[in-house]
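# Structural characterization, general
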Amino acid sequence: MSFYWVKTNSFIKKVFSKYCWDIPNNEKKIYLTFDDGPTPEITDWVLSELKKFDAKATFFCIGKNIKANLSLFEKLIIDGHSIGNHTMNHVNGWKIHTNDYIENVKNCAQILDEEIKPNNLIFRPPYGKIKKAQSKILRKLGYKIIMWDVLSADFDQSITPEKCLENVTKNVKSGSVIVFHDSIKASPNLKFALPKTLHFLKENGYKFDIIH
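Summarised in this report is the structure supplied together with it.

## Brief notes about the nonpolar core
Among the nonpolar cores identified, the biggest contains 64 residues, and Leu-32, Phe-34, Leu-50, Phe-59, Tyr-101 and Phe-180 are the most heavily contacted of them. In terms of residue count, the dominant contributor to this core is helix 5 (residues 98–115) (seven residues). Non-local contacts of Leu-32, meaning those with residues more than four positions away in its chain, are made with Leu-50, Ala-57, Thr-58, Ile-178, Phe-180, Leu-198, Leu-201, Phe-208 and Asp-209.

## As for the layout of surface pockets
As a volume, the largest pocket reaches approximately 1100 Å³. Lining the largest pocket we find 37 residues, and of these Tyr-127, Gly-128, Lys-129, Met-147 and Trp-148 sit closest to its centre. Secondary-structure elements contributing two or more residues to the lining of the largest pocket are helix 1 (10–15), helix 6 (132–140) and strand 7 (177–181). For the lining of the largest pocket, the element with the most residues is helix 6, which contributes four residues. Here the residues of the lining of the largest pocket are counted per class, giving 19 nonpolar, nine polar and nine charged.

## Quick look at the packing of helix 5 against helix 6
The geometry of helix 5 relative to helix 6 is characterised by a closest axis approach of 9 Å and an angle of 40 degrees between their N-to-C directions. Between helix 5 and helix 6, the interaxial angle falls into the category oblique. Regarding helix 5 and helix 6, the two cross each other, and that crossing is right-handed. Note on element contacts: helix 6 touches helix 5 through Ala-133, Gln-134, Ile-137 and Leu-138, opposite Thr-98, Tyr-101, Ile-102 and Val-105. Its residues assigned to classes, the contact of helix 5 with helix 6 shows six nonpolar, two polar and no charged.

## A closer look at the pattern of salt bridges
Oppositely charged side chains may form a pair once their charged atoms are brought near each other. Taken as a whole and judged by the stated rule, the model has ten salt bridges. A salt bridge links Glu-27 to Lys-29, with the shortest nitrogen-to-oxygen separation between them at 3.8 Å. When its relative accessible area of 22% is taken as the criterion, Lys-29 is described as partly exposed. The salt bridge partner of Lys-29 is Asp-209, with a shortest N-O separation of 3.5 Å. Taken together, the positions of Lys-29 in strand 1 (residues 29–35) and Asp-209 in the segment after strand 8 (207–208) put the pair 180 residues apart, joining distant regions of the chain.

Cut-offs and rules
- Residues numbered from 1 in each chain as written.
- Predicted model: local features only at pLDDT ≥ 70, side-chain atom pairs only at ≥ 80, totals over all residues.
- Heavy atoms only, no water.
- Core = buried A, V, L, I, M, F, W, Y, C linked by side-chain atoms within 4.5 Å.
- Buried < 20%, exposed > 50% of the residue type's maximum accessible area, 1.4 Å probe, protein only.
- Helix = DSSP H or I, 4+ residues; strand = E, 2+ residues; numbered from the N terminus.
- Contact = heavy atoms within 4.5 Å.
- 1 Å grid on protein atoms, 1.4 Å probe; cavity = no way out; pocket = protein on both sides within 12 Å on 5 of 7 lines; lining within 4 Å.
- Points joined across faces, edges and corners; volume = space filled by probe spheres on them.
- Nonpolar A, V, L, I, M, F, W, Y, C, P; charged D, E, K, R; others polar.
- Axes fitted to C-alpha atoms, helices over the stretch in contact; angles between N-to-C directions.
- Parallel < 35°, antiparallel > 145°, perpendicular 65-115°, else oblique.
- Left-handed = near helix turned anticlockwise from the far one by under 90°.
- Salt bridge = Lys/Arg side-chain N within 4 Å of Asp/Glu carboxyl O.

Everything listed here is a matter of coordinates, which is why it stays silent on function.
See below:
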C-alpha cells in the first residue's frame, strides 16, 4: 500500500497553502466528502445513511460515472448535496501531460455544467496528485482545489473497518474536511465506518456543512 497521511501534516498545509485542506470555524462544522461516484448501490446507500442524520456532504464525481449513472447523480442534487469535479476518468496528474489533464477536467466540467446551474468550481485531484502547472491553470479558471484534513482510508483493503472508523473519530476537529469513497472497492470499510462516524459526529455536537 502506498504511503498516505490519515491526518494531513500541518507543514504540508503551509507549503501547499493555495489548496484548501480544512475550513476553520467556531461552530463545530465539519465537511464530509465522497470521491469517485456516483456508483450504483453504493451511492444510494450513502444517501440513505446521510438522510438518517440529516447530514449534507460534498461529492467529488468522476465524469464517466455521471454519464453512466445520470439518474443516480441527479439524486445527489435533489438531496441538496454539493458536487465537485474529480476529472472525467480519475486520472493521476503526476502521470499525464498538463494539457491532457486540463482537458480531462474540462470534459467532466461540461457534464456538470449541463446538470448544475450554477456549477460549483471545486475540484479534487484523484489520489491528491496534481502538478504545479496543472494547479495554476485550474485556479486561473476559477477552481478551488479541495484536499483534506482527515482521510478515512476506506480505500485501503489492508486495514480493518474498525481502523477506518478510528482514523476519522481520532482525528476530526472543527473545520475538518473528511474523505470517504462511494466506490465498490471502499464499500466494506465504508459500510461499517460511515454510520458509526455519523453517529459519533452527531453525538459530539458537530454540524454537517457542504463545500461551495
